[in-house]
Amino acid sequence: MMPILLNWPFPIYSYPLFLGFAWGIAYSYSLAVADEAKIDIFKFKMYMLGLFISTWIGAKIFFWIFSAERSSTVITSINFWMGGGFVFFGGLVFGLIFTIVHNYYCKLINIDMAAKLLPGLCLGHAVGRIGCFLAGCCFGKQLHQPLKILGHEIDKHPAQLYEIFVLLSLFFFFRVGFKKSNMKKIQIILIYLMAYAGSRFFIEFMRADTVRGVYGPFSSSQWVSIVMIIVSIGIYIRERSRTLITTRESI
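Residues numbered from 1 in each chain as written. Predicted model: local features only at pLDDT ≥ 70, side-chain atom pairs only at ≥ 80, totals over all residues. Heavy atoms only, no water.

## Here's the deal with the overall build of the protein chain
Phase 1: Along the backbone of the protein chain there are nine helices and six strands.
Phase 2: Expected size for 251 residues packed as a compact globule is a radius of gyration near 18 Å; at 19 Å, the protein chain falls within 12% of this value.
Phase 3: Once the C-alpha set of the protein chain is aligned to its principal axes, its extents read approximately 65 × 40 × 40 Å.
Phase 4: When burial is assessed residue by residue, the protein chain has 41% of its 251 residues classed as buried.
Phase 5: Residue pairs in contact within the protein chain that sit at least 24 positions apart in sequence constitute 68% of those at least 6 positions apart.
Phase 6: When the accessible area of the protein chain is evaluated, it comes to approximately 14,300 Å², of which 69% is carbon and sulfur surface.
Phase 7: Looking at the protein chain, you have 23 positive and 12 negative side-chain charges, and the mean spots of the two groups are 4 Å apart. (Helix = DSSP H or I, 4+ residues; strand = E, 2+ residues; numbered from the N terminus. Rg over C-alpha atoms; globule rule 2.2 N^0.38 Å. Buried < 20%, exposed > 50% of the residue type's maximum accessible area, 1.4 Å probe, protein only. Contact = heavy atoms within 4.5 Å. Areas by Shrake-Rupley, 256 points an atom, 1.4 Å probe, with all protein chains shown as cover. Lys, Arg positive; Asp, Glu negative; His and termini not counted. Charge placed at Lys NZ, Arg CZ, Asp CG, Glu CD.)

## Observations concerning the pairing of strand E3 (residues 142-149)
Phase 1: In this sheet, strand E4 (residues 152-156) lies alongside E3 in antiparallel orientation, the contact comprising four bridges. Residue pairing for E4: Leu147 is matched across the bridge by Ile154.
Phase 2: A loop of two residues connects E3 with E4, the two strands running antiparallel in sequence, and Leu150 in this loop sits at a positive phi of about 55°. (Pairing = 2+ DSSP bridges.)

## Remarks on the side chain of His102
Phase 1: With respect to the secondary-structure elements, His102 resides in helix H5 (residues 88-106).
Phase 2: Relative accessible area serves as the criterion here: at 14%, His102 is assigned to the buried category.
Phase 3: Excluding residues that lie within four positions of it along the chain, His102 makes contacts with Tyr47, Lys107 and Leu108.

## Re the side chain of Glu239
Phase 1: With respect to the helices and strands, Glu239 occurs in helix H9 (residues 220-250).
Phase 2: Using a relative accessible area of 7% as the deciding quantity, one classes Glu239 as buried.
Phase 3: Dropping the residues within four chain positions of it, Glu239 is found in contact with Lys184, Ile186 and Gln187.

## Some words on the packing of aromatic side chains
Phase 1: The tally for this structure, following the rule as stated, stands at 26 aromatic pairs.
Phase 2: With centroids separated by 5.0 Å and ring planes inclined at 90°, the aromatic side chains of Tyr104 and Tyr105 adopt a geometry described as edge-to-face.
Phase 3: Through successive ring pairs, a cluster of aromatic residues spans Phe88, Phe89, Phe173, Phe174, Tyr192 and Tyr196.
Phase 4: Lys60 extends its terminal NZ or CZ atom over the ring of Phe86, reaching a point 4.3 Å from the ring centre. (Phe/Tyr/Trp six-rings, centres within 6.5 Å; stacked < 30°, edge-to-face > 60°. Lys NZ or Arg CZ within 6 Å of the ring centre and 35° of its normal.)

## As for the state of the cysteines
Phase 1: Under the criterion given, the structure shown has zero disulfides.
Phase 2: Free of any disulfide, Cys138 has its nearest neighbouring cysteine sulfur in Cys137, separated by 3.9 Å.
Phase 3: Residue class for Cys138 comes out buried when judged on its relative accessible area of 14%. (Disulfide = S-S within 2.5 Å.)

## Focus: the nonpolar core
Phase 1: Among the nonpolar cores identified, the biggest contains 42 residues, and Phe44, Phe89, Met113, Phe174 and Tyr192 are the most heavily contacted of them.
Phase 2: Counting only elements with at least two residues in this core, the list comes to helix H1 (14-36), helix H2 (41-66), H5, helix H6 (111-135), helix H7 (159-177), helix H8 (185-207) and H9.
Phase 3: Element by element, the count of residues in this core is highest for H8, at nine residues.
Phase 4: Counting eight residues, the second largest nonpolar core, distinct from the first, contains Phe18, Val127, Phe133 and Phe139. (Core = buried A, V, L, I, M, F, W, Y, C linked by side-chain atoms within 4.5 Å.)

Written out as structure tokens, the structure is:
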């Protein structure tokens, strides 16, 4: 596609550029939410710095675990840590763990605040996938009928565009649909996890991402999606049951 957007006065690569845009947009959105919630901005910025580092490490570790090349030489290389090759699920899992631990000690990002930050996550993720599309990575299986996109003839499933559509739908859904919702914030977070994992599971059938590993009938991302869906459904049912019991007791 367009791995290099500009060549003058120096090469500007699509993927790192849009990865920066993704973080910048998510950070700006989160900062606005924190300001509205009257959270200490300095403490919030420190949280975001820790979140950035933990998600970067998680995305890289998952890539190393699930990729074909898992030698110690690779994981100790600076090129591995600073170059391409990320797994979003790794960043998501490590980010969730960091947020839980951070809130345990600092009491800054509770469940309600985490739910309010979800639209920023979805929007930033969608922008990051634009970088994937332009760089020409993460494409899917062969198409029977090529598509014409941005003046280029695409002969493979544009899996990145499918995911961008899902992420933008989730952004508007959480930004608008849940603004006046009486649903518990933890249920909103669980809906995000189930919706993204479910959509990613089906997109993976068209993605053909052998780099990150295929184990049995499913890819590594599909296995992670299955685990995430099962765990999220279990927690959702438990929270729903608690809500119903509380409602009955109050009647």
